[in-house]
Amino acid sequence: MFGAIYGDIIGSYYETHCTKEYDFEFQKDSTFTDDTVLTVAVCKAILNNSESINRWSVRKRGLEYAGQFRQYYSYYPNSGFGNMFSEWARCDNFKIDHSYANGAAMRAVPIGYAYKTIEQVLLQTKASCYYTHNNREAIKAAQAVATAVFLARKGESKQNIKVFLQNLFHYDLTKKLEDIKENYVFDSRASYSVPPAIIAFLESTDYESAIRNAISLGGDADTEACIAGGIAEAYYKDIPKHISDFCNRKIDYTLKNVILDFQNRFCE
Ligand SMILES: [Mg+2]
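Note that the coordinates shown come from a computational prediction; the quantities given were computed from them, not determined experimentally.

Draft legend 1. Structural view of a negative patch on the surface. Together, Glu178, Asp179, Glu182 and Glu203 give the surface a local cluster of negative charge. What makes glutamate 203 partly exposed here is its relative accessible area of 36%.

This is the structure:
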């Protein structure tokens, strides 16, 4: 479960200092951001209630995810949240937002670990999007990330993961990272930024290369790396010690405890 968080931390510096260099340095100013905070909020929502839902209870379950998003926003309001999300989280009542950005995809990794069937992964992810990203492209992207994690942790091959995601979500994952990278810019639309993060994983050879691929796209680096790193950890089941040593010092104690609880309960 730390794969997504480490990706966020290492990518955080390069969100504002975009790079196309694969061999970039890890920066001491790196810090966890909203990607981490909301990933932990999803962990908390699942720890509080891991019951399966059906398609008639998506909205009700959505309220539980949304409650945790608002709670965790209130703990860490200055960790890089976008204006739209901040406004939503501060609003007196639970309104439904229709963001088409990658914010629901960046926090979807835990869902791929916690549930036993693809159907449940898809429903839970939809519920997690209900109040903030009630938009077709945003839901699809979040579901693609959670599904990739689900398949990766089950030991599916990259080829199977790729074909499955292409068939279910109609993403073109055959593009080469090198070609995407050439004209890639910072744009947090889910439909623009999530497929390249998945390809960053598909073209990787280990955990570290997945986050290097993602960050050196030169875009929304923390989120790209959070997604690629989350899938990569589920697939490779191993993170180099120099990365965990670098990042562990930078994670708030409270957040770390929630992730450890979640890991103990849901990750083999
Ligand atoms: Mg961020």
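Draft legend 2. Examining the coordination of the magnesium ion more closely. At 2.1 to 2.5 Å from the magnesium ion lie its protein donor atoms, namely Thr33 (OG1), Asp34 (OD), Asp35 (OD) and Asp222 (OD). All donors of the magnesium ion come from a single chain, and their spacing in sequence reads T-D-D-x186-D. Within this pair, whereas aspartate 34 is found in helix H2 (residues 34–48), its partner aspartate 222 is found in helix H12 (residues 221–236), the two being separated by 188 residues in sequence. Among the residues examined, aspartate 34 registers a relative accessible area of 11% and is labelled buried. Overall, aspartate 222 belongs to the buried group, its relative accessible area being 0%.

Draft legend 3. A look at the nonpolar core. In this structure, Ile10, Ile46, Tyr65, Ile243 and Phe262 are the most contacted members of the largest nonpolar core, which totals 102 residues. Sorting elements by how many residues they give to this core places helix H7 (residues 136–153) first, with 11 residues. Other than its neighbours up to four places away in sequence, isoleucine 243 contacts Tyr6, Ile10, Phe26, Tyr207, Glu208 and Ile211.

Draft legend 4. Main features of helix H6 (residues 118–129). The end-to-end C-alpha distance of H6 is 17 Å, a good match for the 16 Å that 12 residues give at a rise of 1.5 Å each. Of all 12 residues in H6, 10 are buried, a share of seventy percent or more. On its buried face, H6 is in contact with helix H3 (58–75), helix H5 (109–114), H7 and helix H8 (158–169).

Draft legend 5. Broad picture of unusual backbone geometry. Within the chain, histidine 170 stands out as a residue other than glycine whose phi angle is a positive 55°. Position of histidine 170 relative to the elements: it lies in the loop between H8 and helix H9 (177–182). In this structure, lysine 237 takes a positive phi of about 55° despite not being glycine. By the element assignment, lysine 237 lies in the loop between H12 and helix H13 (241–248).

Draft legend 6. Fine view of the pattern of salt bridges. The tally for this structure, following the rule as stated, stands at 7 salt bridges. Note that lysine 95 and aspartate 97 form a salt bridge whose closest N and O atoms lie 3.2 Å from each other. Look at the salt bridges and you will find they share partners, linking Arg136, Glu137 and Lys140 into a network.

Draft legend 7. Focus on the packing of aromatic side chains. Scanning the model with the defined rule gives 20 aromatic pairs in all. Residues tyrosine 13 and tyrosine 14 carry aromatic rings whose centres are separated by 5.0 Å and whose planes lie at 80° to one another, so their mutual orientation is edge-to-face. Both residues of the pair, tyrosine 13 and tyrosine 14, belong to the buried class. On the numbers, 6.1 Å between centres and 80° between planes, the contact of phenylalanine 94 with tyrosine 131 is edge-to-face. Of this pair, phenylalanine 94 sits in the loop between helix H4 (83–90) and H5 while tyrosine 131 sits in the loop between H6 and H7, placing them 37 residues apart in sequence. What links up through ring pairs into an aromatic cluster is the set Tyr13, Tyr14, Phe24, Phe26 and Phe246. In this arrangement the basic side chain of lysine 158 is found over the ring face of phenylalanine 201, its NZ or CZ atom lying 5.6 Å from the centre.

About the cut-offs
Residues numbered from 1 in each chain as written. Predicted model: local features only at pLDDT ≥ 70, side-chain atom pairs only at ≥ 80, totals over all residues. Heavy atoms only, no water. Patch = residues over 30% accessible without salt bridge, like charges linked within 9 Å, V, L, I, M, F, W, Y side chains within 5 Å. Areas by Shrake-Rupley, 256 points an atom, 1.4 Å probe, with all protein chains shown as cover. Salt bridge = Lys/Arg side-chain N within 4 Å of Asp/Glu carboxyl O. Lys, Arg positive; Asp, Glu negative; His and termini not counted. Charge placed at Lys NZ, Arg CZ, Asp CG, Glu CD. Buried < 20%, exposed > 50% of the residue type's maximum accessible area, 1.4 Å probe, protein only. Donors = N, O, S within 2.8 Å, 3.2 Å for Na, K, Ca; no water. Helix = DSSP H or I, 4+ residues; strand = E, 2+ residues; numbered from the N terminus. Core = buried A, V, L, I, M, F, W, Y, C linked by side-chain atoms within 4.5 Å. Contact = heavy atoms within 4.5 Å. Expected span 1.5 Å × (residues − 1). Phe/Tyr/Trp six-rings, centres within 6.5 Å; stacked < 30°, edge-to-face > 60°. Lys NZ or Arg CZ within 6 Å of the ring centre and 35° of its normal.

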